Amino acid sequence: MEIRRSYCGLCHPRCGMLLHIEDGKVVKITGDPDHPISRGVLCERGRLMLDHLYHPQRLDYPLKSVGEKGEGKWERITWDQALDEIAEKLSGLKEQFGAETLTFTHGTKRTYHWDCRRFFNLFGSPNTCGVNTICMCPSYATEYATYGGMVMASDVPATKCIVLWGCNASKSKPVGLYPQILHARKNGAKLIVVDPRKTKEVEKADLWLQIRPGTDLALLLGWIRYIIVNDLYDREFVSNWTVGFEDLKEAVESYTPEKVAELTKIPVDLIIESVRLYATSNPAVIPFGLGIDKQGVNATQCARAKAILRAITGNLEISGGEIFSCAGEVGKIRDLEFLELNEQISAEQRAKQLGADQYPFFGFPGWEMNSAASKKLPEGYVMPPEAWHSNLAHARAVMDAILTGKPYPVTAAITLANNPLLALPNTKKVFKALKALKLYVVMEYYMTPSAAMADYVLPAATTVEQPEMWLTGGFCVAGPQGIDKIGERRSSYDFYRGLGLRLGQKDFWPWETMEEVYDYCLEPVGLTFKQLGEQNGFFGAREYKRYEKFGFGTPSGKVELKSSIFEELGAEPLPVYREPVWSPESADEELTRNYPLILTTGSRYMPMYHSEQRQIEKARKKVPDPLVTLHPETADKLGLVEGDWAVISTPLGSIRQKVKVSDAVGPDLVDCQHSWWFPERSSTLPELFGVFESNANVLCPDDAEFCSPEIGSWPHSALMCRVEKETTATKQS
């Protein structure tokens, strides 16, 4: 038996894998004990790789629709035919409507991403969009504006206090962050969990703050006020390395423990105990958690408030604290932003970016300001802000343009590593938009609801069928390609390069393979991709408090507690709390009567990852049906028992899910699993894999009043709903 090294990519980390091969076929997959980061550990999801690699429903060759959208009539074609026809159609649409007529929907990282941005910049379209608006990127862009980079809790075992704020690490980061938390706890670190749900982390916590969904910003502002009023902040750091402290002090003055308790429903004494524990434990960390990014109106300012907390307590760029600078020579490696070729898209085309008029901070204007500030720092000190992370068209504006032709026609779209019918809010509007496109191209592992609406569906290579370079601010590790590509599967680089060569971009795609791209990236540190793999990674020596030499990558060169970038772009420069629109505290009597419960969606559950893994038998055996979790009292009041099917409704629509009864949620909270569809169902309309039946995004609005005014983050939680037992009548309706 031959054993080859490769890596997993079924979520964000690139954990090491060993492929056990007999007669040219992988028969077993285990963790790579020599991998310098994952050290042999694979999570439940990673252990599904073998099933995923050879699944009978995998797409293995290009398909062209020969019927109406959603009719399910396909013709097998070659890659050359597919790329020739797509390029010809794009060229014609560009000539008729301009390059901006093409859009793209992002997903979580299965592809290389920079290649998409490179292609779009060269083509001339500013309209890449997707889930970035609610997934880490609000924190990413905001932290760049505040102190010039996004922090990573890179030395958690050395910290003294961990605040898990909307972060269910045991489900979302079971190989990386979660074991580090357990290690830190053994070392004596304190653990605070802020979450409306009783997660596994709560069982291990010193303090649990069971917050009312959507009020996190009020608690953050209350913590900031308490730290300032009680002189618990780092006076030296604040005095020497921040701007806007007095303005901040004034802005948070009204957020007393009593007011915050009233807003968040957390007892006053628990608010005080938790903030004192965080402020007096140095170093301390607040690892990234998705819970805050997906709550709508307050999402961006929550990210600002977290960044401010880190700064005023002196937890930036210290051992065991929050780091954003690059370690040693790691910063010399040519990164994703370098590969994006953002300089190739003209100012005229940048100005056409959809949604940037309403949300300039998350479009070219904000990204350009973050980039300009970052470039004042020495090269290699901090990774510059990537455009695909923090410079997006807004999905609502894109869908509206497709449907209305205003402000200009959007007629073509490409989707990779994404399933917009399951990923974006207001699902029925997204469906109408996909149906209206003149050209829709999807590259996928399987036929999904979104792919079923496409004109061309192209087979995507599994991560073990393509190489990867895992680059962070602290290390660079090779993910070798484990096996030859099966059938006619290809990587996103193959797709974009092939398309680019046909559209006059030949000079900008000089590398035939991704290994050649990585050789180019590693050139400044004197390595090839092969050598990187042979030496099992490249690690830089960590230095702390380098801001004392170089300052921060902001316009002022300091941590901007009051953001000049936000202010210049018309956003609130200091955090301001807003009550969610659909909220028991702000809704009118009729809305509250009709929708008396608080809805949250988007909670992580293994082994599923967003809309993936639904085809895999082992995964469905563990989670066969979409689940809605209700408190025992609530279920009893509604006449529901475990296993019943219930109808969950908001003013936007209704779905059905199976009832799970648990005290992990409070009596007023409803927790719906997200991203459900049914690969075993018909792929054709009107069923379309049951995409409208149990999909939580059917319930979630995207109108501007629900979204954060700074970047347009839409809400997947902090909404209002009602739950009813499903009857024959409700099922038929």
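Above this text is the structure in question.
What this report covers is the structure whose coordinates are included nearby. (Residues numbered from 1 in each chain as written. Predicted model: local features only at pLDDT ≥ 70, side-chain atom pairs only at ≥ 80, totals over all residues. Heavy atoms only, no water.)

All right, on to the layout of surface pockets then. Reported here for the second largest pocket is a volume of approximately 570 Å³. If you go around the second largest pocket, you meet 26 residues; those closest to its centre are D335, E337, F338, E379 and P384. Residue assignment for the lining of the second largest pocket shows that the elements contributing at least two residues are α15 (336–340) and α17 (364–374). Residue contributions to the lining of the second largest pocket peak at five residues, all from α17. (1 Å grid on protein atoms, 1.4 Å probe; cavity = no way out; pocket = protein on both sides within 12 Å on 5 of 7 lines; lining within 4 Å. Points joined across faces, edges and corners; volume = space filled by probe spheres on them. Helix = DSSP H or I, 4+ residues; strand = E, 2+ residues; numbered from the N terminus.)

A separate point is helix α2 (residues 79–97). The end-to-end C-alpha distance of α2, which contains 19 residues, comes to 26 Å, matching closely the 27 Å that a straight helix rising 1.5 Å per residue would cover. For α2, every residue scored as buried is listed here: W79, A82, L83, E85, I86, A87, L90 and L93. A positive phi of about 95 degrees marks G98, the residue just after α2. (Expected span 1.5 Å × (residues − 1). Buried < 20%, exposed > 50% of the residue type's maximum accessible area, 1.4 Å probe, protein only.)

Ordered in space as β1-β2-β3, the three strands form an open sheet in which the pairing is antiparallel. Whereas interior strands pair on both sides, the edge strands pair on one side only; in this sheet they are β1 (2–7) and β3 (25–31). Strand after strand, the sheet turns through a mean of 30 degrees between neighbouring axes, direction not considered. Here six bridges tie strand β2 (residues 16–22) to β3, and the two strands are oriented antiparallel to one another. What sits directly across from L18, in β3, is T30. (Pairing = 2+ DSSP bridges. Axes fitted to C-alpha atoms, helices over the stretch in contact; angles between N-to-C directions.)

One pass over the full model with this rule turns up 42 salt bridges. Of the charged contacts, one joins D60 and R489 as a salt bridge, the two residues approaching to 2.7 Å between their closest N and O atoms. Placement of the pair is D60 in the loop between α1 (49–53) and β4 (63–65) and R489 in the loop between β17 (475–479) and α22 (492–502), with a sequence separation of 429 residues. (Salt bridge = Lys/Arg side-chain N within 4 Å of Asp/Glu carboxyl O.)

As a further point, take the side chain of D195. Within the fold, D195 resides in the loop between β9 (190–194) and α7 (200–203). Side-chain polar atoms of D195 contact the backbone nitrogen of R197, separated by 2.9 Å. For D195, the residues in contact, after removing those within four places along its chain, are G166, C167, W208, L209, Q210 and I211. (Polar contact = N/O pair within 3.5 Å; in protein donor to acceptor, adjacent residues only side chain to side chain. Contact = heavy atoms within 4.5 Å.)

Inspection of the entire model under this criterion finds 31 aromatic pairs. Measuring from ring centre to ring centre gives 5.9 Å for F119 and F120, while their planes differ by 75 degrees; the resulting arrangement is edge-to-face. In this structure, F119 and F120 share a single accessibility class: buried. Plain terms: the ring middles of F431 and F692 are 5.4 Å apart, the flat faces sit at 90 degrees to each other, and that makes the pair edge-to-face. Of the two residues, F431 is situated in helix α21 (residues 427–436) and F692 in the loop between β24 (669–672) and β25 (719–725); the sequence distance between them amounts to 261 residues. Classification of F692 by relative accessible area gives partly exposed; the value is 22%. Through a chain of ring-to-ring contacts, the aromatic side chains of F104, F119, F120, F123, F495 and Y496 assemble into a single cluster. (Phe/Tyr/Trp six-rings, centres within 6.5 Å; stacked < 30°, edge-to-face > 60°.)

In this structure, W223 and F495 are the most contacted members of the largest nonpolar core, which totals 168 residues. Core analysis: the next-biggest nonpolar cluster, separate from the first, contains 25 residues, A635, L640, A646 and V659 among them. (Core = buried A, V, L, I, M, F, W, Y, C linked by side-chain atoms within 4.5 Å.)

Our focus in this paragraph is a negative patch on the surface. A contiguous patch of negative charge on the surface is contributed by E512, E515, E516 and D519. Within the secondary structure layout, E515 lies in helix α23 (residues 514–522). (Patch = residues over 30% accessible without salt bridge, like charges linked within 9 Å, V, L, I, M, F, W, Y side chains within 5 Å. Areas by Shrake-Rupley, 256 points an atom, 1.4 Å probe, with all protein chains shown as cover. Lys, Arg positive; Asp, Glu negative; His and termini not counted. Charge placed at Lys NZ, Arg CZ, Asp CG, Glu CD.)

The subject of this paragraph is a nonpolar patch on the surface. Judged by side-chain polarity, M1, I3 and V27 come together as a nonpolar surface patch covering roughly 300 Å² of accessible area. Residue placement: I3 occurs in strand β1. Looking at I3, the relative accessible area reads 48%, which means it is partly exposed.

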